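One letter stands for each residue in the lines below.
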Amino acid sequence: MAELTQLQTLLDRSAELDAADALAAFRSRFHIPTVDGRPALYFCGNSLGLQPKGTHDEVLQELADWQRLGVEGHFHAQSPWFSAHRTVTNAMARVVGALPHEVVMMNSLTVNLHLMLVSFYRPTAERFRILLAGHEFPSDRYALETHVRSMGLDPTETLLELHPHPGSHTLTTEQILAAIDDVGTSLALVMFSGVHYYTGQYFNIPAITQAAHRVGAVAGFDLAHAAGNVNLHLHDWGVDFAVWCTYKYLNAGPGGVGGTFVHERHGNNADLPRYGGWWGNAEATRFTMDHAFVPTAGADGWQLSNAPILPLAALRASLAVFDEAGMDAIGTKREALTSYLVDVLDAVLTGVGGVHIITPRNAAERGAQISLSFDHDGKAVFDALRLRGVVADWRTPSVIRLAPAPLYNTFADVAALGKQLHAVVAKEVS
Ligand SMILES: Cc1ncc(COP(=O)(O)O)c(C=O)c1O
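Conventions used here
- Residues numbered from 1 in each chain as written.
- Predicted model: local features only at pLDDT ≥ 70, side-chain atom pairs only at ≥ 80, totals over all residues.
- Heavy atoms only, no water.
- Domains from an automatic or database assignment.
- Salt bridge = Lys/Arg side-chain N within 4 Å of Asp/Glu carboxyl O.
- Polar contact = N/O pair within 3.5 Å; in protein donor to acceptor, adjacent residues only side chain to side chain.
- Helix = DSSP H or I, 4+ residues; strand = E, 2+ residues; numbered from the N terminus.
- Near = heavy atom within 4 Å.
- Areas by Shrake-Rupley, 256 points an atom, 1.4 Å probe, with all protein chains shown as cover.
- Nonpolar A, V, L, I, M, F, W, Y, C, P; charged D, E, K, R; others polar.
- Phe/Tyr/Trp six-rings, centres within 6.5 Å; stacked < 30°, edge-to-face > 60°.
- Buried < 20%, exposed > 50% of the residue type's maximum accessible area, 1.4 Å probe, protein only.
- Lys NZ or Arg CZ within 6 Å of the ring centre and 35° of its normal.

Novice: How would you sum up the domain arrangement of the protein chain? Please name residues and give values.
Specialist: Looking at the protein chain, the domain boundaries give domain 1 (4-30 + 326-428) and domain 2 (109-244). Summarising the inter-unit geometry, the C-alpha centres of domain 1 and domain 2 are found 29 Å apart. Across the contact surface, domain 1 and domain 2 share 0 salt bridges. Taken together, the links from domain 1 to domain 2 amount to 11 residue pairs in polar contact (both at pLDDT 80 or more). Secondary-structure elements contributing two or more residues to the side of domain 1 that touches domain 2 are helix H14 (327-349) and strand S15 (399-402).

Novice: Outline the site of the ligand, listing residues and values.
Specialist: For the ligand, the full set of nearby residues is Leu109, Thr110, Phe137, Asp140, Asp222, Ala224, His225, Tyr247 and Lys248. Tyr247 has a polar side-chain atom sitting 2.7 Å from an oxygen atom of the ligand. The separation between an oxygen atom of the ligand and a polar side-chain atom of Lys248 is 2.8 Å. Protein contacts shield 84% of the accessible area of the ligand, which totals 400 Å² for the unbound molecule. Tallied by class, residues from the shell around the ligand come to 4 nonpolar, 2 polar and 3 charged.

Novice: Before we move on, could you go through the packing of aromatic side chains and cite the residues and values that matter?
Specialist: Following the criterion strictly, the structure yields 15 aromatic pairs and no others. For the ring pair Phe137 and Tyr197, a centre distance of 5.1 Å and an interplane angle of 90 degrees mean the geometry is edge-to-face. Of this pair, Phe137 sits in the loop between strand S5 (129-133) and helix H6 (138-150) while Tyr197 is found in the loop between strand S7 (187-193) and helix H9 (205-214), placing the two residues 60 residues apart along the sequence. The buried category is assigned to Tyr197, whose relative accessible area is 7%. Aromatic rings pair up to connect Phe75, Phe82, Trp278, Trp279 and Phe287 into one cluster. Here the basic side chain of Arg274 rests over the ring of Trp302, its NZ or CZ set 3.8 Å away from the ring centre. Directly above the aromatic system of Trp279 lies the positively charged group of Arg286, at a separation of 4.5 Å from the ring centroid.

As structure tokens, then:
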């Protein structure tokens, strides 16, 4: 383990890094939770992002409008409820690199994934396979498996999970592209995450999309850990569809409204099969109560129900912060913050056996998360860190995920985490 003086020199650098941080002022825009009366060392923005201070007033405004206006709020609220979903599309589109009509905020991630599968997974006898990363987030796996089953197909023949080479924790881009080529004409859909929830690996979305298209397959992405985290260009990359949640890096609150991207080359295709609902029907005839479904243009045409006003208000408040900060500045700080965290972890773990960073060391291949894998004693380390005010998360079987979020985490947070981890591993790792 590193000598404290050597480690201290590295930890002391945090002051100069914070002083040079262009986003430093943004921390004051968030409520920082406390542990035992002191601000938490919060490294869990990949699970639940913190509350922007603007959220309170934005949500209360909706409650006030409801109180004051009742049903009239649909047209006379400060943000009229009838078109509330559109109040967030421009800002959300900027975050994911889309055109506004390619984005709609609705439902939740897993629901949206099923809706996208209805439209974009159209298996035939020859082309029916789905390629995904191994050890993917369970909800995606469940969605794919049950969806495939509901179409009368056998998931064991349909779902192809790609695992890292022995001894490695992450997939290489070459490996993914080769797998796509191998499956070739039987591949219907490549369904990958943008950033893998367990390892923090940021996959090469444009290369995967191009490879999928080359063999005639559709490319869809789960951006739960990518939206608001890494710089995305979904439109330019030609991604077919994507889904994400907003309660992680997007700070829109627990159970926040989900997001969906449908590339414009599909958005106006009324012939695409889809599950319909009245809010996806053309606005002009939405209230005529006709019985013929005419989808509205763009991603909005995939809506089912009237929009969730309170979650949308929370998202609006959060996206205002993203608009001010900009994804470029967030990306620059993310790289600096995670690189500093890797240096600190390396120093703390020098000479400590059985603990490995499994996230790519190349900053361009990761999001704002570093995953530490333990051969043993990991849960004890995690529990001890929690008692010392570190809020991170434990993912079975063996990983502590540490996510420094550029909008509110500081380099001093990382240094303080390093100090606590140094104390804990001395006791807990045998
Ligand atoms: C990668 C990934 N996919 C899917 C989900 C499920 O999201 P939801 O509960 O919003 O459907 C999560 C939730 O954490 C996730 O991390």
